[in-house]
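Each chain, letter by letter, is given below.
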Protein chains: 2
Amino acid sequence: MLPERTVERLSEYRRSLLQCLEEGKTHIFSHELAELHHNTAVQVRRDIMFIGYTSMQRKGYDVRELINVIGDILDSEQGLNVAVIGVGNLGRAITTYFIGKRSKLNIIATFDVDTTKIDRVISGVKCYPLSRLKEIVEKEDISIAIMTVPADSASEVSTQLVDSGIKGVLNFTTVPLQVAPDVYMDEYDMITSLEKVAYFVKTART
Amino acid sequence: MLPERTVERLSEYRRSLLQCLEEGKTHIFSHELAELHHNTAVQVRRDIMFIGYTSMQRKGYDVRELINVIGDILDSEQGLNVAVIGVGNLGRAITTYFIGKRSKLNIIATFDVDTTKIDRVISGVKCYPLSRLKEIVEKEDISIAIMTVPADSASEVSTQLVDSGIKGVLNFTTVPLQVAPDVYMDEYDMITSLEKVAYFVKTART
DNA sequence: GAAATATTGTTAATTTAATCACAGTTTAGG
DNA sequence: CCTAAACTGTGATTAAATTAACAATATTTC
């Protein structure tokens, strides 16, 4: 089990590495990768050490191999199925954003309570009524949910999620959710991020 | 200058506290606040210690006072102006999301290169051509930019941002941006978050 | 009003994450 | 083939963040 921060960075490295591959770059040095990601060469090497990959000395890391090793760590072999819960502006944005990107994570359903959205195909993904959550999650073997419902229904919906057998949640709601201990959850709050930027802008002024 | 994580948590506490106020709750204990935020009472007390607020012993923290103290720390007196750069799905979602929320941060302009969007009012905010960035930023005293442009134009746009005098950036692009050292930047990458959730779901299985 | 209880504020200890420092390799240049 | 230069891999160290531990204080109960 890798440190959270290392997992994040590996995901980011992979994106850069894929870019390198497209540009025909076959090898990359730790300091180059570091430069691309606001961090240090040592940090990059340490992260790569965690996943047990070693380069050919002096040539840098083999881009293609490193991509594969990171894939072995991050990806599940058969891929994982993902659902977006709440088809508002943000839900739609995220869905369209992900569709056609990385292939091991498939958004295969969205859910909403709005009857005008139900059964329609939005951004290439079918929208189901929230009442069918458990049924569809089981049938389609969905293990991850992206929560983009309004704040006032968030905690109720999260109960249903856990109930339906979801194993991981990415919560974009402003409400911190309570989930069962075996469910992994990551919360992201845009307002907090913006307020943080504002704070540091403010304090830099002095 | 507070630790980053403390700043984040203060922002989150404030949200809960405002909620408490609405519900007529006038005092709150550290362990109550902790429960609402997946963390411990000690952590809450430590965070509050950082901002130098002390409660009446045994009564818990005065909700209204605490909100004010957090406001003194996080908010700028006259507020800060914010622009959204890139009016795609995500940009629109974020704009509508923020409009009408917290009042000390005002989204007052959006920018895009798409001529069909320019000069239109989207989610209540006017869209300007990117070419007028510097002019508008100066005129309207905008200090924070939210980046939601496509990956391939991200680094070019970020140069323009720094050039225009922006002091803080919230980057939703998948590309890590290079900014001047006096510009504060926070990067958030949804793909990374989702891959992180997937990793921990995967490893929990074993 | 004394004892028991609940809660805060803070020092100390622990854990986690990042950085330093350097030995070990490989390559390049003479 | 020898020396210098360029990188990697990793033990040791430092720094940052979290948690534990507990004294101090206010409130309640009897």
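Preceding this section is the structure that the text describes.
Definitions and limits used
- Residues numbered from 1 in each chain as written.
- Chains lettered and ligands numbered in written order.
- Predicted model: local features only at pLDDT ≥ 70, side-chain atom pairs only at ≥ 80, totals over all residues.
- Heavy atoms only, no water.
- Salt bridge = Lys/Arg side-chain N within 4 Å of Asp/Glu carboxyl O.
- Helix = DSSP H or I, 4+ residues; strand = E, 2+ residues; numbered from the N terminus.
- Buried < 20%, exposed > 50% of the residue type's maximum accessible area, 1.4 Å probe, protein only.
- Near = heavy atom within 4 Å.
- Polar contact = N/O pair within 3.5 Å; in protein donor to acceptor, adjacent residues only side chain to side chain.
- Nonpolar A, V, L, I, M, F, W, Y, C, P; charged D, E, K, R; others polar.
- Contact = heavy atoms within 4.5 Å.

(A) Summary view of the pattern of salt bridges. As enumerated under the stated definition, the model contains 26 salt bridges over all chains in all. Here Arg14 of chain A and Asp75 of chain A are joined by a salt bridge, their closest N and O atoms 2.9 Å apart. In this pair, Arg14 of chain A is assigned in helix H1 (residues 4-22) and Asp75 of chain A in the loop between helix H4 (63-74) and strand E3 (80-85), connecting sequence segments 61 residues apart. Exposure remark for Arg14 of chain A: the relative accessible area of 3% places this residue in the buried category. Between Lys117 of chain B and Asp114 of chain B there is a salt bridge, with its nearest N and O atoms 3.9 Å apart. Overlapping salt bridges bring together Glu4, Arg5, Glu8 and Asp186 of chain A together with Lys196 of chain B as one network.

(B) The arrangement of the protein's contact with DNA strand D in detail. Close to DNA strand D lie 24 residues; Ser30, Arg45, Arg46, Ser55 and Tyr61 of chain A are nearest. Looking at DNA strand D alone, sugar and phosphate atoms form 58% of those within 4 Å of the protein. In the model, a base nitrogen of DNA strand D is placed 2.7 Å from a nitrogen or oxygen of the Arg45 of chain A side chain. In the model, a phosphate oxygen of DNA strand D is placed 2.9 Å from a nitrogen or oxygen of the Ser55 of chain A main chain. The set of elements that each furnish at least two residues to the surface near DNA strand D consists of helix H2 (30-36) and helix H3 (41-50) of chain A together with helix H1 (4-22) and helix H3 (41-50) of chain B. For the surface near DNA strand D, a count of residues per class yields six nonpolar, nine polar and nine charged.

(C) Quick peek at the environment of Thr110 of chain B. All names here are of chain B. Mapped onto the secondary structure, Thr110 falls in strand E4 (residues 105-112). The spacing of Thr110 and Arg45 is 65 residues in sequence and 39 Å in space, taken between C-alpha atoms. Setting aside residues up to four positions removed in sequence, Thr110 forms contacts with Val84, Val87, Thr95, Val125, Lys126, Cys127 and Tyr128.

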